[in-house]
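Chain by chain, the residues:
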Amino acid sequence: MLAMKEYERLAFHHAPDATLILSERRILAASLMVETVFGWSPQELAGKSIRILYPGQSDYELIGQRARRAMQERPFYSDARFMQHKSGQAVWMAGRGRALDPADPQRLAIWTYRPLEAGAAADTGLTKAEMRVAGYLVNGFTSKEIGLALKCSPRTVEVHRANMIRKLNVRNSFELVKHLLASVPP
């Protein structure tokens, strides 16, 4: 019979979502699913900054600030965001985190990640470009910030936003973001 600690270790390593234990945004441990989702083995990520899993410095900083503020108010935080696979490919993910110390949410936290991009575009009727923009919109990025991240003009971002508003039959950007967030699976 296995001891409780062995069951806990099994549960963590074989969790169905990519799971990370972070301290000050450094990876202390990673589950086996991390390799399937991100392409990095748990051993390759141990001790590294989670920055390695973000497509850009601005994504890393802005999402980190937003998650920290939110987890100071409540222990759980979830969003949809772009993360980066080892191959360099950006993948839209559902990210969920739990702070173990609300006074200092980044001191010790557990995060899980689940890819969303594959089924999301088909379910919504949005193009891949629109889904990329959507990933930033739901995280509160401005058109200028999205343009910088995607290496396009803010005007291009506005065109994609207008197309999404039309396709999803919502009235404005607020309703668009609300609709997009509602479509992220729990």
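Trainee: Any chance you could explain the sheet that holds strand β3 (residues 76–84) here in plain terms?
Mentor: Strands sit in the order β2-β1-β5-β4-β3 across an open sheet of five strands; the sheet is antiparallel. Only two strands of the sheet have a single partner each, and these edge strands are β2 (26–30) and β3. The mean angle between the axes of side-by-side strands here comes to 30°, regardless of whether they run parallel or antiparallel. Looking at chain direction, strand β1 (residues 18–23) and strand β5 (residues 109–115) are connected through five bridges and run antiparallel. Of the residues in β5, the one forming a bridge with A18 is Y113. Each of β3 and β4 (90–99) touches helix α6 (residues 128–137); the most contacted strand, β3, lies at about 140° to it.

Trainee: Would you take a moment to explain the environment of P102 for this structure?
Mentor: Mapped onto the elements, P102 comes out in the loop between β4 and β5. Residue classification places P102 among the partly exposed positions, given a relative accessible area of 41%. C-alpha of P102 to C-alpha of A70: the two residues are 32 residues apart in sequence and 9.6 Å apart in space. Contact partners of P102, with chain neighbours within four places excluded, come to M71 and Q72.

Trainee: When you look at the packing of aromatic side chains in this model, what are you seeing that I'm missing?
Mentor: Scanning the entire structure with this criterion turns up five aromatic pairs. Consider the rings of Y54 and Y60, whose centres lie 5.6 Å apart with planes at 75°: the pair is edge-to-face. When the ring of W111 is compared with that of Y113, the centres are 6.2 Å apart and the planes differ by 10°; the resulting orientation is stacked. Note on Y113: relative accessible area 1%, which makes it buried. The ring of Y60 has R25 lying over it, and the distance from NZ or CZ to the ring centre is 3.8 Å.

Parameters and conventions
- Residues numbered from 1 in each chain as written.
- Predicted model: local features only at pLDDT ≥ 70, side-chain atom pairs only at ≥ 80, totals over all residues.
- Heavy atoms only, no water.
- Pairing = 2+ DSSP bridges.
- Helix = DSSP H or I, 4+ residues; strand = E, 2+ residues; numbered from the N terminus.
- Axes fitted to C-alpha atoms, helices over the stretch in contact; angles between N-to-C directions.
- Contact = heavy atoms within 4.5 Å.
- Buried < 20%, exposed > 50% of the residue type's maximum accessible area, 1.4 Å probe, protein only.
- Phe/Tyr/Trp six-rings, centres within 6.5 Å; stacked < 30°, edge-to-face > 60°.
- Lys NZ or Arg CZ within 6 Å of the ring centre and 35° of its normal.

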